[in-house]
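Below, each chain spelled out in residue letters.
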Amino acid sequence: MHLRLLGVLLVLSFGVAACGGGSTPPAGTPATQEPSAAPTATVDPATAATVAGKITLEGTPPANAPIRMNADPACVAANKTPQTQETFVSEAGGLGNVFVYVQSGLTGSFPAPTTPLVFDQQACRYHPHVFGVQVGQPIEVVNSDATLHNIHATPKTNAEFNTAQPIKGMKTTHTFTAKEADVVVPFKCDVHGWMNAFAGVLDHPYFAVSKPDGSFSIPNLPPGSYTLAAWHEKLGTQTLQVTVAAKESKADANFTFKAAAGAN
Amino acid sequence: MWLHRYAKLVSAATVLLIVAGGLVTSTGSGLAVPDWPTSYGWNMFTFPMKHMVGGIFYEHGHRLIASGVGFLTIVLAFWIWRAERRRWMRMLGLMALGSVCLQGALGGITVLYFLPTAVSTAHAGLAQIFFCMTVAIALFTSPGWTAPKYSPADDHLLRLVATTTTAFIYLQIIVGATMRHSEAGLAIPDFPLVFGGIFPPEWTPQIAIHYAHRVGALIVMLAIAATVGHVWFHHAQRSELRKPALALACLVLAQVTLGAFVIWSEKNVAINTAHVVVGALTLASSLVLTLRSHQVRFSDRAARPMGVQTPALTASEARA
């Protein structure tokens, strides 16, 4: 009898182990995230620095392309005013929707936030249009529209995906598992050709998206020398060398883009 | 006669399917329905019409028309199997059915794997082959083929030049499909010049495939000129050759003009799609001319009952 019980327990334990029951990751940790070889970096709040600056757009901002939504009555109904693309968002000489990030100079690895980043489809537009996400951080894609969307991401390093969201309120979670070689991953909706967005995928949390006035701030940065990069969907990438001392608040990490370069 | 009419209907439906497929690519809607064979989780045939919006209209519409053509082809293959005495015609019917099934599978695979160039190009290439099969079936079941009132031409040179032209047109369509599915349609942005000259100042895979398509257009035009010229000078009295030759000449001129306007309009959807469809019609015209140039070889088999062996007729006998 005891032998039979022992046999049953052995079979059960083998089955559980074979199903991966013994290696369930803790809640909130993406199962597909690769362990990093670099040691986890710790940032001392007492010495952490901040890099801030402004993205300036030199010249008259090119007009954003108008959007015709008449291919989908639900999109027309959701937008009472004529819509344009968000390529150039500019206030007071600044340039918004620029993804600013630390390109090099960091050491160690940085644990990804477990809080999902919400990426919404509302009124047949993506919100936000440009955002940053850390490798391993879940992205919660939400369909807030009364129409069908497909979420089609075309990364170079991570796996391409194309997900259907036919029902309002539907949520889907995606997680990038590797740092993107080109940093920025385009998103598009093939149903509504005007819908596009860009995600900067990095293995650290030191990034920001500029506001319409061009201002940005990257806090909690360990003291050191870094290459800062600023990426715009039409105007390309610029870099800047910055050095911050302990507790320093550097406010002159400025970039200037020429509007004429995006006129075509 | 009814089989011939039905085969023409299948050919016409296939043209409509090529229009729909061209629109899918021209509007960039290939992935507007991410799943296959379902559509956003619905069975393809129960997908609500109210959701046929934006890119879904083109992609799902293409799937529905493809299903319709598939059904028509099943009936066609069955009809041929029952009505035809020519064994090779039965085989042709089955091959058409196999092609349309494979075509559907390729369409699904290219969606599920995010439109890889090789699969999408194969999908476009097989579409042309299937269309050619339906056109050939319509021709082979026509009264002009089964009971011709004329003696078929027996011209070796015509057979050679027409067959070569058809092969060139098909290759040109494959190059064009490769260009189309590798986003190289505007890799060379000016026309008729190439970056202001004759040759590209630099070579990338996209520029190379685009340039190959332009060179291919020149070769095809020369080949068609040779074929049409041969018909014009040697068989002008034969309406069965003159008509497809005239159609071929008109279509290739329209096709080159459309190609130019694809560049000048920066891939206007209607022009881009028309370029795909006229390409298919050009191929079909050349195929009809080619098959008619070979008709004399089929003459002995035209009305032979299945299973009855008869000696092959010589060309002079066929004319008699």
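Residues numbered from 1 in each chain as written. Chains lettered and ligands numbered in written order. Predicted model: local features only at pLDDT ≥ 70, side-chain atom pairs only at ≥ 80, totals over all residues. Heavy atoms only, no water.

Colleague: Please set out the overall build of chain B residue by residue, giving values where relevant.
Modeller: A tally of regular secondary structure across chain B gives 11 helices and 0 strands. Scanning chain B from its N terminus toward the C terminus, one meets helices and strands in the order α-α-α-α-α-α-α-α-α-α-α. The C-alpha radius of gyration of chain B comes to 21 Å, within 12% of the 20 Å expected for a compact globule of 320 residues. Per-residue burial over chain B gives 50% buried out of 320 residues. Contacts spanning at least 24 positions in sequence make up 74% of the contacts within chain B whose residues lie at least 6 apart. Accessible area for chain B stands at about 15100 Å²; split by element, carbon and sulfur atoms hold 71% of it. Across chain B, the 22 positively charged side chains and the 12 negatively charged ones have centroids separated by 13 Å. (Helix = DSSP H or I, 4+ residues; strand = E, 2+ residues; numbered from the N terminus. Rg over C-alpha atoms; globule rule 2.2 N^0.38 Å. Buried < 20%, exposed > 50% of the residue type's maximum accessible area, 1.4 Å probe, protein only. Contact = heavy atoms within 4.5 Å. Areas by Shrake-Rupley, 256 points an atom, 1.4 Å probe, with all protein chains shown as cover. Lys, Arg positive; Asp, Glu negative; His and termini not counted. Charge placed at Lys NZ, Arg CZ, Asp CG, Glu CD.)

Colleague: Run through the packing of helix α8 (residues 239-264) of chain B against helix α9 (residues 269-293) of chain B, naming residues and quoting values.
Modeller: All names here are of chain B. One way to put it is that α8 packs onto α9 with a least axis distance of 8 Å and a crossing angle of 155°. The angle between α8 and α9 places the two elements in the roughly antiparallel class. Of the two possible hands of crossing, α8 and α9 adopt the one that is left-handed. Of the residues in the contact of α8 with α9, the class split is 17 nonpolar, 9 polar and 2 charged. (Axes fitted to C-alpha atoms, helices over the stretch in contact; angles between N-to-C directions. Parallel < 35°, antiparallel > 145°, perpendicular 65-115°, else oblique. Left-handed = near helix turned anticlockwise from the far one by under 90°. Nonpolar A, V, L, I, M, F, W, Y, C, P; charged D, E, K, R; others polar.)

Colleague: So what's going on with the pattern of salt bridges? Residues and values would help.
Modeller: All names here are of chain B. This model, assessed by the stated rule, comprises 9 salt bridges over all chains. For R63, the salt bridge identified is with E59, shortest N-O distance 2.8 Å. Taken as a pair, R63 and E59 lie in helix α2 (residues 54-83) at a separation of 4 residues, close to a single helical turn. R63 sits in the buried class, given a relative accessible area of 6%. (Salt bridge = Lys/Arg side-chain N within 4 Å of Asp/Glu carboxyl O.)

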